[in-house]
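# Reading the structure
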Amino acid sequence: MAALAAWRNDVRPKLFFILLLVLETGVNGTLCALDYMLFSVFWAMELVPTFLMIAIWGGTMRMRAAQRYLVYGLVSLALLLASAFLLAFKSGQNSFDFDLTNTVNLVKAISFTGFWLAFAAFAIRLPVVPLHTWMIDAVTESSPPVAFLVSSVLTKLGAYGMIRIALGAFPTGAGRFGFVLAVLAIIGTFWGFLGAVGTSDLRRVIAYSTLGQMSVVLLAVAVGQAIALNGAVLLMMAHGLGTGMLVLLSGTIEDRARTRDIRRLGGLAWQAPRLAALWIAGGFTAIGVPLFAGFAAELMLFTGSFAAHRWATLLVMIGMLLNTGVLLWTLQRVFFGPAREAFARVRDATTLELFYLVPLAGVALLLGVFPGRLLPIINNGVLSIVSRINGG
Amino acid sequence: MSALLVHAAHAILAQTNPTIPTNPANPTAPATTPTGPEFPTVLLTSLVFSSMACALIILFLPERTRDQRGRIRIMGLVGTVIPLLFTVGGLNFQMGQEFSGGTISFEEKHNWIDSFPIHATYTWASTASPCRCSSSPPSPSPWRRWRPGATT
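Residues numbered from 1 in each chain as written. Chains lettered and ligands numbered in written order. Predicted model: local features only at pLDDT ≥ 70, side-chain atom pairs only at ≥ 80, totals over all residues.

## Section: the overall build of chain B
What counts, and what does not: The way it works is that DSSP assigns letters per residue, a run of H or I at least four long becomes a helix, a run of E at least two long becomes a strand, and they are numbered from the N terminus. Residue burial is a threshold on neighbouring C-beta atoms within 10 Å of the residue's own C-beta, all placed from the backbone, with 20 or more meaning buried, 12 or fewer meaning exposed, and counts in between meaning partly exposed. We call two residues in contact when the distance between their C-beta atoms, placed using the backbone, is within 7 Å.
Across its full length, chain B carries three helices and four strands. The N-to-C order of helical and strand elements in chain B reads α-β-β-α-α-β-β. By the burial criterion, 30% of the 152 residues in chain B qualify as buried. Once local pairs closer than 6 in sequence are excluded, the contacts in chain B between residues at least 24 apart make up 61%.

## Let's talk about the pairing of strand 4 (residues 120-124) of chain B
Residues and elements named next belong to chain B. We apply this condition: Following DSSP output, two strands are said to pair if at least two bridges run between them.
Judged by how many residues are buried, strand 4 sits mostly within the fold: four of five residues are covered. Here five bridges tie strand 3 (residues 108-113) to strand 4, and the two strands are oriented antiparallel to one another. Considered in strand 4, the bridge of Ile-113 is made with Ala-120. Counting the residues that bridge the hairpin from strand 3 to strand 4 gives six residues.

## A look at unusual backbone geometry
Residue and element names in this part refer to chain A. Cis rather than trans, the peptide bond between Leu-126 and Pro-127 has omega equal to -5°. Mapped onto the secondary structure, Pro-127 falls in the loop between helix 7 (108-125) and helix 8 (133-141). The linkage connecting Val-129 with the following residue, Pro-130, adopts the cis geometry, with an omega of 10°. Note that Pro-130 resides in the loop between helix 7 and helix 8. The residue Arg-258 is not glycine, and still its phi comes out positive at about 60°. Within the secondary structure layout, Arg-258 lies in the loop between helix 13 (226-257) and helix 14 (268-271). Arg-258 gets classed as exposed once you count the C-beta atoms within 10 Å, which come to 11.

## Brief notes about the packing of helix 2 (residues 13-32) of chain A against helix 2 (residues 43-59) of chain B
The following threshold applies: Axis definition: a line fitted to C-alpha atoms, limited for helices to the stretch in contact. Angles are taken between N-to-C directions and run from 0 to 180 degrees. Throughout, the term roughly parallel applies to angles under 35 degrees, roughly antiparallel to angles over 145, roughly perpendicular to angles from 65 to 115, and oblique to all others. Should the near helix be turned anticlockwise from the far one by less than a right angle, the crossing is termed left-handed; should it be turned clockwise, right-handed. All amino acids are sorted into three groups, where Ala, Val, Leu, Ile, Met, Phe, Trp, Tyr, Cys and Pro are nonpolar, Asp, Glu, Lys and Arg are charged, and the leftover types, Gly among them, are polar.
The interhelical angle for the contact between helix 2 of chain A and helix 2 of chain B, taken along N-to-C directions, is 165°, at an axis separation of 9 Å. Looking at the two axes, helix 2 of chain A sits roughly antiparallel to helix 2 of chain B. The interaxial crossing formed by helix 2 of chain A with helix 2 of chain B has left-handed handedness. Across the interface between the two elements, A:Lys14, A:Phe17, A:Ile18, A:Leu21, A:Val22, A:Glu24, A:Thr25, A:Asn28, A:Gly29 and A:Cys32 of helix 2 of chain A pack against B:Leu44, B:Leu47, B:Val48, B:Phe49, B:Ser51, B:Met52, B:Cys54, B:Ala55, B:Ile58 and B:Leu59 of helix 2 of chain B. For the contact of helix 2 of chain A with helix 2 of chain B, the per-class residue count stands at 14 nonpolar, four polar and two charged.

## Considering the environment of B:Leu91
Take B:Leu91: it is sitting in helix 3 (residues 66-99). For the pair formed by B:Leu91 and B:Ser105, sequence separation is 14 residues and the distance between their alpha carbons is 9.5 Å.

In structure tokens, the structure reads:
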């Protein structure tokens, strides 16, 4: 999708596509690796391409955003390596292999230290308040395809690592500090809401909404139950699709209207009904409207988390409702209201844009209607982690 | 379409026969206890490194004219589509396995760094391995309450 969204980019296309493909290698390697060293190598592989893509093709404040991304990324990598070495040395297996190190009973102090190191590494990427500033800047200042990758792919790797490593390798620490994680999830959802309300930049609204949504995933990590974690994995996919569409569409709107200031936008649905329909589909996926992927995911996640952390779940649900309100308000302000003279010549979605946006909406709808097709595969991975948490 | 993808995935399978390394602490014992059928594959290696291969090809393509830039874009798109096809094909195959009770995860395992005190392996799998860590089965109920005091 990012490759198609960058199709019209005529500034150094060769470098852009090389960096995009190296980044894709890093992402795929991270998701497939079953060895801490291999995982860390591919985790590190994502840093430089993303830094360069933000720094070269970004907006006016791109260098600050790129540098902030790099610094946070390097700190995350250092923390990840520290937790990996701690696990390899202290597990007594002398190996980075997940299968060997994740079977060892660590003493509490080591498990707690390892958990916090791994948690901090992935909390940067998720992101968790107060480590979220790099993501807001990166999504706001990048070109739309890169912002799409940051908000839809890179943040999900943080959630993946948190579930796979922070929970899977250090279950004692995860169990002990679940309440702290739940509090961070509550803060994250409300922080996302307040940030989105307080800005008139369309891209920044989406970035803060990403912060709110990812905090819900953190709630599932805090709970550590199979149904909540299944919901969290599904939510990551739904959010990747929904927010990805919104980020790409925000780029299209900025390209057409020459602004992304929400106060100056309005009535675009009259001139661009297809863009409005796609925005609605993306927004509905992100906020979890029934029949879209987000609904099944949030239903599972909140059902699972309610049994363990009732108040935290209720507060996060309130925070999510507020985030939903902000996204709907943004939809109303950007696309509805009276048609404006300034946007009388705004073009609707082109064939190329429909070619990469309609499949995203289609997959979001398909996952919403048939989530059960994918859940057995997700559950297979989740159960092995949950059995560790439950003392198996 | 999905049948074609599955056939493509099958064509990639069964190219190698990866060896499962032994446990460094006890060389005679296998490192893992395979729980599913052995299924030699290079699917995940192909999935991960096909993008890198396309990036290397693009590195040697010129970008002076519009046609040349167009070729770079097409190559870039190919580099993103190939892993997608592998993913969809593998996922389709896995879905069939899940519904028939199998647990194939296209696992590959080779020794990578073994000359240092700590060993690293080249290990890929498409899902978390089924639980190999416990003599007790996973919790039967996903609704089981979180146990903050649980020790491992």
